[in-house]
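# Fold and geometry: a report
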Amino acid sequence: MRRFLIGGALLGALLVGGGSAAHEPRFPLVGACYCEAERELRCAGDLTEGECRRRCDHELCDRWFWLERRPCWNWGYGG
């Protein structure tokens, strides 16, 4: 009977409190956030996908995309 009560309590705690933590990544990935506004493509590095989405909404981007685990690319080779 005691095992049944302990098992029920653990199951209840898992169902009530464990659901929200399962959706959050343990180590959030960062990457390059590209925003196109007024035909100009800009990049901000080291942002998570959620931060990228919020930044692009704030800057009123026409389109945006996020590349995980990649740095910004400057479309050239220096100079």
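Our subject in this report is the structure included herewith.

## Section: the sheet that holds strand β2 (residues 40-47)
Strand order in the open sheet formed by three strands is β2-β1-β3, with antiparallel pairing between adjacent strands. Each of the sheet's edge strands pairs with one partner strand only, and the pair in question is β2 and β3 (63-68). Going from strand to strand, the sheet's axes swing by 20° on average, the running direction of each strand aside.

## Examining the state of the cysteines
Counted under the stated rule, the structure contains three disulfides. Across the disulfide from C33 sits C52; the S-S distance is 2.0 Å. In this structure, the disulfide formed by C33 and C52 twists by about 75° around the S-S bond and is classed as right-handed. With a gap of 19 residues between them, C33 in strand β1 (residues 31-37) and C52 in helix α2 (residues 49-58) connect regions that are remote in the sequence. Across the disulfide from C43 sits C72; the S-S distance is 1.9 Å. Looking along the S-S bond of the C43-C72 disulfide, the torsion reads about -80°, which is the left-handed sense. With a gap of 29 residues between them, C43 in strand β2 and C72 in the segment after β3 connect regions that are remote in the sequence. Judged by relative accessible area, C43 falls into the partly exposed class, the value being 31%. Overall, the relative accessible area of 32% leaves C72 in the partly exposed class. Across the protein chain, the disulfide pattern expressed with sequentially numbered bonded cysteines is 1-4, 2-5, 3-6.

## A few points about the nonpolar core
C33, C35, A37, A44, L47, C52, C56, C61 and W66 together form the largest nonpolar core, which totals nine residues. Broken down by element, the residue count for this core peaks at three residues, all from β1. Beyond its immediate chain neighbours, meaning those up to four positions away, L47 contacts L29, V30, G31, C33, C52, R55 and W66.

## Details of the environment of T48
Mapped onto the secondary structure, T48 falls in the loop between β2 and α2. For the pair formed by T48 and V30, sequence separation is 18 residues and the distance between their alpha carbons is 4.4 Å. Once you skip the residues sitting within four places of it in the chain, T48 turns out to touch P28, L29, V30 and W66.

Parameters at a glance
Residues numbered from 1 in each chain as written. Predicted model: local features only at pLDDT ≥ 70, side-chain atom pairs only at ≥ 80, totals over all residues. Heavy atoms only, no water. Pairing = 2+ DSSP bridges. Helix = DSSP H or I, 4+ residues; strand = E, 2+ residues; numbered from the N terminus. Axes fitted to C-alpha atoms, helices over the stretch in contact; angles between N-to-C directions. Disulfide = S-S within 2.5 Å. Buried < 20%, exposed > 50% of the residue type's maximum accessible area, 1.4 Å probe, protein only. Core = buried A, V, L, I, M, F, W, Y, C linked by side-chain atoms within 4.5 Å. Contact = heavy atoms within 4.5 Å.

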